[in-house]
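Spelled out, the chains give:
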Amino acid sequence: MILVTGATGNVGSELIRNLHAAGAPVRALVRKENSAVPGGIECAVGDLSQPASISNALIGVTRVFLLGGYSDMPAVLNRLRIAKVQHVVLLSSRSIIGGQSSNAIVKMWMTSEDAVMSSGIPWTILRPSSFMSNALRWRSDIRASRPVRVHFPNIPIALIDPYDIAAAAAVVLTTGRQRNKTYELSGPIAMLPAEQLEILGRAIGRKLHAQFVPDNEAFADLLRQSSEEFADAIFRFYAKGEFDDSRVVSTVTHLTGQAPRSFEQWAINHASEFLES
Ligand SMILES: NC(=O)c1ccc[n+]([C@@H]2O[C@H](COP(=O)([O-])OP(=O)(O)OC[C@H]3O[C@@H](n4cnc5c(N)ncnc54)[C@H](OP(=O)(O)O)[C@@H]3O)[C@@H](O)[C@H]2O)c1
């Protein structure tokens, strides 16, 4: 049995679909009963911020797809070890590569990776670039027909479709061959926000206008959306140039045998989410 955490999220829901279609036995970890998980999948309730709460969900589980960044990751891994899990696949971030531990986001991923690597459980770590689904942060501006507030307009990112992260995770979980290895993952090309907006506009059938936000205003926006240390971390990544997320790597093709999906394809598949509900 494979336990998928984050099963209602962008990556986890794609992974559930992938594993289910392949006939693999899969269970979704959800925080609330009756969560919206792709159809027909067994669910178990648990909260990664309260490690003891995941014990029941782990009964009969041999492999776990694990999200990171929770308050006590060593305790989460301890629960997996007690349940005799044989392989854990951690979804991390490539911001960790060359990142500084004084950056709160880098530190969060370092703590999660350390907990996995020192758990004694065979592991694989996926370090993706930023997700195409981050474009959903523009949804309220687009639905309200306002200019779209764009932060860090000159920063190119090799965005990855969560579908491809899930495809890579599914290969690792079902073959078990990539143990004790880390994989950096990216999408097919590096793109600027304006290029994404143009493609998104075509997908939803409307020209979208960008409002490029100066860095000091972007920081104020970030402070409204997250803690001060995370706002500072993101600002350091993009305004201070601490994180180059533009590198294109071929790992998705190498692991899955399929080229990573384009932003055009992501935008077409998700166009309805940008329209009035
Ligand atoms: N966005 C990026 O560019 C990026 C890049 C690198 C890494 N990541 C990481 O990738 C991971 C997955 O991202 P995503 O976009 O697929 O996620 P998402 O769509 O934001 O959804 C988050 C998922 O995590 C679950 N969750 C939240 N808190 C939880 C808790 N305390 N216990 C158990 N489950 C909890 C949520 O479940 P509920 O339904 O209960 O809310 C949901 O299924 C995240 O850890 C993120 O930090 C993201």
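Residues numbered from 1 in each chain as written. Predicted model: local features only at pLDDT ≥ 70, side-chain atom pairs only at ≥ 80, totals over all residues. Heavy atoms only, no water.

A. Highlighting the overall build of the protein chain. When its secondary structure is counted, the protein chain shows 10 helices and 9 strands. For a compact globule of 277 residues, the expected C-alpha radius of gyration is about 19 Å, and the protein chain comes in at 19 Å, within 12% of that figure. With respect to the three principal axes, the spread of C-alpha positions in the protein chain is 50 × 40 × 35 Å. Partitioning the intrachain contacts of the protein chain with sequence separation of at least 6 by distance along the chain shows that 72% fall at a separation of at least 24. When the accessible area of the protein chain is evaluated, it comes to approximately 12,900 Å², of which 50% is carbon and sulfur surface. Where the 27 positive side-chain charges of the protein chain centre and where its 25 negative ones centre are 6 Å apart. (Helix = DSSP H or I, 4+ residues; strand = E, 2+ residues; numbered from the N terminus. Rg over C-alpha atoms; globule rule 2.2 N^0.38 Å. Contact = heavy atoms within 4.5 Å. Areas by Shrake-Rupley, 256 points an atom, 1.4 Å probe, with all protein chains shown as cover. Lys, Arg positive; Asp, Glu negative; His and termini not counted. Charge placed at Lys NZ, Arg CZ, Asp CG, Glu CD.)

B. Local environment of the packing of aromatic side chains. The tally for this structure, following the rule as stated, stands at 8 aromatic pairs. Judged by centre distance (6.0 Å) and plane angle (70°), the rings of F237 and Y238 are edge-to-face. Pairing Y238 with F243 gives two aromatic rings, centres 6.3 Å apart and planes at 35°, and the pair type is tilted. With respect to class, Y238 is no different from F243; both count as buried. (Phe/Tyr/Trp six-rings, centres within 6.5 Å; stacked < 30°, edge-to-face > 60°. Buried < 20%, exposed > 50% of the residue type's maximum accessible area, 1.4 Å probe, protein only.)

C. Representation of the site of the ligand. Around the ligand sit 20 residues in total, of which T8, N10, R31, D47 and L48 are the nearest. The contact in question runs from an oxygen atom of the ligand to an N or O atom on the backbone of G9, over 3.2 Å. Within the complex, the protein chains bury 74% of what would otherwise be the 930 Å² of accessible surface of the ligand. (Near = heavy atom within 4 Å. Polar contact = N/O pair within 3.5 Å; in protein donor to acceptor, adjacent residues only side chain to side chain.)

D. Examining the environment of I121 more closely. Residue position: I121 is located in the loop between helix 3 (104–117) and strand 6 (123–128). Distance from I121 to D141, taken between C-alpha atoms, is 44 Å for residues 20 residues apart in sequence. Excluding anything up to four places from it in sequence, I121 contacts L77, L80, R81, V85, Q86, H87, V88 and V116.

E. View of the UniProt feature "domain: NmrA-like" (unreviewed entry) in the protein chain. Mapped onto the present numbering, the UniProt feature "domain: NmrA-like" (unreviewed entry) falls at residues 2–266. End C-alpha atoms of residues 2–266 are separated by 26 Å, and the span's content is 37% helix alongside 15% strand. (UniProt positions renumbered as here; feature names shortened; annotations may be inferred.)

F. Just the sheet that holds strand 1 (residues 2–4), in detail. Strand order across the open sheet formed by 7 strands is 3-2-1-4-5-6-8, with parallel pairing between neighbours. Unpaired on one side and paired on the other, strand 3 (42–45) and strand 8 (181–185) mark the two borders of the sheet. For this sheet, the mean inter-axis angle between neighbouring strands, taken without regard to orientation, is 20°. Together, strand 4 (63–67), strand 5 (87–91), strand 6 and strand 8 form the strand contacts of helix 3, whose direction differs from that of strand 6 by roughly 160°. With respect to the sheet, helix 5 (residues 162–175) is in contact with strand 1, strand 4, strand 5, strand 6 and strand 8, its orientation differing from that of strand 4 by roughly 150°. (Pairing = 2+ DSSP bridges. Axes fitted to C-alpha atoms, helices over the stretch in contact; angles between N-to-C directions.)

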